[in-house]
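What follows is the residue order along each chain.
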Amino acid sequence: MNRRSFMNSTVVALASSLVHKVLPADPYATGSAFAPGASVSPELNGYKRQWWKEAVFYEIYTRSFQDSNGDGIGDLRGIAQRLDYLKSLGVDVLWISPHYDSPNADNGYDIRDYRKVMAEFGSMADFDHLLAETKKRGLKMIIDLVVNHTSDEHEWFQQSRKGNGNPYHDYYIWRPGKENGVPNNWPSYFGGSAWQQDGPDGEYYLHIFAKKQPDLNWDNPKVRAEVFEIMRFWLNKGIDGFRMDVIPFISKDPRLPDMTPDQIAHFDTVYGAGPHTHDYIQEMYRETLAHHDVVTVGEAAGVTNAQVPLFIDERRGELNMIFQFDAVRIGRRQWRQHAWKLTDLKAIWNAAASNPDRHLWNTFFLGNHDHPRLLNKFGDASPEHREASAKLLATLLLTQKGTPFLYQGDEIGMSNYPFSAIGQFQDVEVKGTYTDQVLTGKVSAEEYL
Ligand SMILES: [Ca+2]
């Protein structure tokens, strides 16, 4: 659907021209002016200049972007075919969704092999070709790093589940059950307990997300070394950085205490406040990122405003930017969308933008692959107002303080697909919540959809 709309759209020009008006050709935007010896002021308005602070990022959800071989699935060759178009929009940096080998229990966010390309998306040669073509045009490309968990089909987990004594057992978080079953009351994002019994010892493994996404044990130094080696593998290919999936969750309290009812209501903030998160991110920075001119943006699930500087203060050597979701999730409670006021939205943005600290830098975005189309959420998708609404939102996106992240298709005013049945969804969270809410009779199928 996305792909066809992309091809057939008649309003490609709308945001394209807009981007150029808002962002005239800027010698700083592609980073070339930051090469050693370039005569660029090191500061602007008190901020240290960095290429990624002056760039427009564009997220590509590969599966639904551009199919190059007619199998109906977007792929890396398809992205390469569209690079001139992306360049013409004024985009500087592409972020591509996970391209790794995966059984796709969670659309690629469950990785089976970190050094192999998902067969549906192409081959390693296709990845190298895409990266080379990107660089040829002065564009940059960042990739998704999904290392809070792996797929249960990853070789490490296949070994780990063989039980105590296997050298990979401690790559994951295993605990014996209690009298009542699971080791504690931690919930999974996708419904039910975060524990699953497995293996010959009757132990349970932790999965904050799906059962097929066991959480890695970052307290094991071997795990950290493996992750850093994976990062080096891709950095050495010349990628320009990483978007880090649920990175605040990598450290867990090893005592694994039960959550209070209040904590369970906001369990993401518990998962986002592990005791060694910052130690591990700083170690990652020292071991890998510090040796390359790259950008990092962390998905700040469960991070409060007060905790933001811990992740991105440039003096700490952790991440460059994070995504916070207060604005894109405004009015959302669990899966339900409630009414919200413009003043509420402004208050969220004001809170983020008013931070006077010159050592912090924000992202600005209105949607991504996990959220409804910005046109439906924040604008008016009716034929009468669609174009004006899309232009207005693009203007908003591209004129705020912070690095803008566009989602594919926003520049042509794409709107939500009119889903009418649960069978049309291929999303583990949508299906899990449907099971929790509809199949138990709490709400009707019509209301849920
Ligand atoms: Ca394809």
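As shown above, the structure is provided for reference.
First things first, this report covers the structure right here in the doc. Fair warning: this is a prediction, and the values are worked out from it, not measured in the lab. (Residues numbered from 1 in each chain as written. Predicted model: local features only at pLDDT ≥ 70, side-chain atom pairs only at ≥ 80, totals over all residues.)

**A short note on the overall build of the protein**
Keep this limit in mind: Comment: elements are numbered from the N terminus, with helices defined as DSSP H or I runs of at least four residues and strands as E runs of at least two. Residue burial is a threshold on neighbouring C-beta atoms within 10 Å of the residue's own C-beta, all placed from the backbone, with 20 or more meaning buried, 12 or fewer meaning exposed, and counts in between meaning partly exposed. Any residue pair is listed as a contact if its two C-beta atoms, each placed from the backbone, are within 7 Å.
Helix and strand content of the protein: 16 helices and 17 strands. A buried classification covers 41% of the 449 residues belonging to the protein. Restricting the contact set of the protein to residue pairs at least 6 apart, pairs at least 24 apart contribute 66%.

**A short note on the pairing of strand β12 (residues 295–299)**
Our working rule: Should DSSP find at least two bridges between two strands, the strands are regarded as paired.
Among the five residues of β12, five are classified as buried, and the element is accordingly described as predominantly covered. Burial along β12 is two-sided: the face carrying V295, V297 and E299 and the face carrying T296 and G298 are both buried. Here strand β11 (residues 241–244) pairs with β12 via four bridges, running parallel. By the bridge assignment, F242 is partnered in β12 with T296. Where β12 meets strand β13 (residues 321–323), three bridges bridge the pair, whose relative direction is parallel.

**Details of the sheet that holds β13**
Spatial ordering of the open sheet is given by β13-β12-β11-β7-β4-β3-β17-β16, a layout of eight strands whose pairing is parallel. Of all the strands in the sheet, the pair left with one neighbour each is β13 and β16 (363–364). The pairing of strand β4 (residues 93–96) with strand β7 (residues 140–145) spans four bridges and is classified as parallel. By the bridge assignment for β7, V93 is matched with K140.

**Considerations on helix α14 (residues 386–398)**
Note that an α-helix has 3.6 residues per turn; residues three or four places apart therefore point the same way. Let me state the cut-off plainly: Helices are assigned an expected span. That span is 1.5 Å times one less than the residue count. Along the arc lie the directions from the helix axis toward the C-beta atoms.
With 13 residues, α14 should reach 18 Å at 1.5 Å per residue; the first-to-last C-alpha distance of 18 Å fits that figure. If you check which residues of α14 are buried, you get S389, A390, L393, A394 and L397. End-on, the buried residues of α14 take up no more than an arc of 135°, which puts them together on one face.

**Considerations on the environment of N104**
Turning to its location among the elements, N104 is positioned in the loop between β5 (100–101) and β6 (113–117). On the basis of neighbour counts, which here come to 18 C-beta atoms within 10 Å, the residue N104 falls in the partly exposed class. For the pair N104 and M118, spaced 14 residues apart in sequence, the C-alpha to C-alpha distance is 9.3 Å.

**A closer look at the nonpolar core**
Note the following rule: Remark: nonpolar core denotes a set of buried Ala, Val, Leu, Ile, Met, Phe, Trp, Tyr and Cys residues whose joining runs through C-beta atoms within 7 Å. Each domain's limits were defined by an automated method or a database of domain assignments.
Ranked by internal contacts, the top residues of the largest apolar core, which has 98 residues, are L94 and I322. Counting residues domain by domain, this core receives three or more from each of domain 1 (2–149 + 220–448) and domain 2 (150–215). The contact partners of L94, leaving out residues within four places of it in the chain, are Y58, I60, L86, T134, L139 and M141.

**A closer look at the sheet that holds strand β8 (residues 174–175)**
The strand order β8-β10-β9 describes an open sheet built from three strands, whose pairing is antiparallel. Of all strands in the sheet, those with a lone pairing partner are β8 and β9 (195–197), marking the two edges. Two elements, β8 and strand β10 (residues 204–206), share two bridges in a ladder whose sense is antiparallel. Looking across to β10, one finds that R175 is bridged to Y204.

**As for the environment of P275**
Looking at where P275 falls in the secondary structure, it is placed in the loop between α9 (267–271) and α10 (277–287). As a C-alpha pair, P275 and P254 span 21 residues in sequence and 8.8 Å in three-dimensional space.

**Remarks on the environment of P248**
In this fold, P248 is placed in the loop between β11 and α8 (261–265). Separated by 28 residues in the primary sequence, P248 and H276 place their C-alpha atoms 9.8 Å from one another.

**Observations concerning the pairing of β4**
The two faces of β4 match: V93 and W95 on one face and L94 and I96 on the other face are all buried. Pairing analysis gives four bridges linking strand β3 (residues 57–60) to β4, with the strands arranged parallel. Looking across to β4, one finds that Y58 is bridged to L94.

**Comments concerning unusual backbone geometry**
For residues that are not glycine, phi is negative in most cases, and the peptide bond is trans in most cases. Although it is not a glycine, N104 adopts a positive phi angle of roughly 60°. In this model, V246 sits at a positive phi of 30°, which is unusual for a non-glycine residue. Of note, V246 is situated in the loop between β11 and α8.

Coordinates in, geometry out; function isn't part of it.
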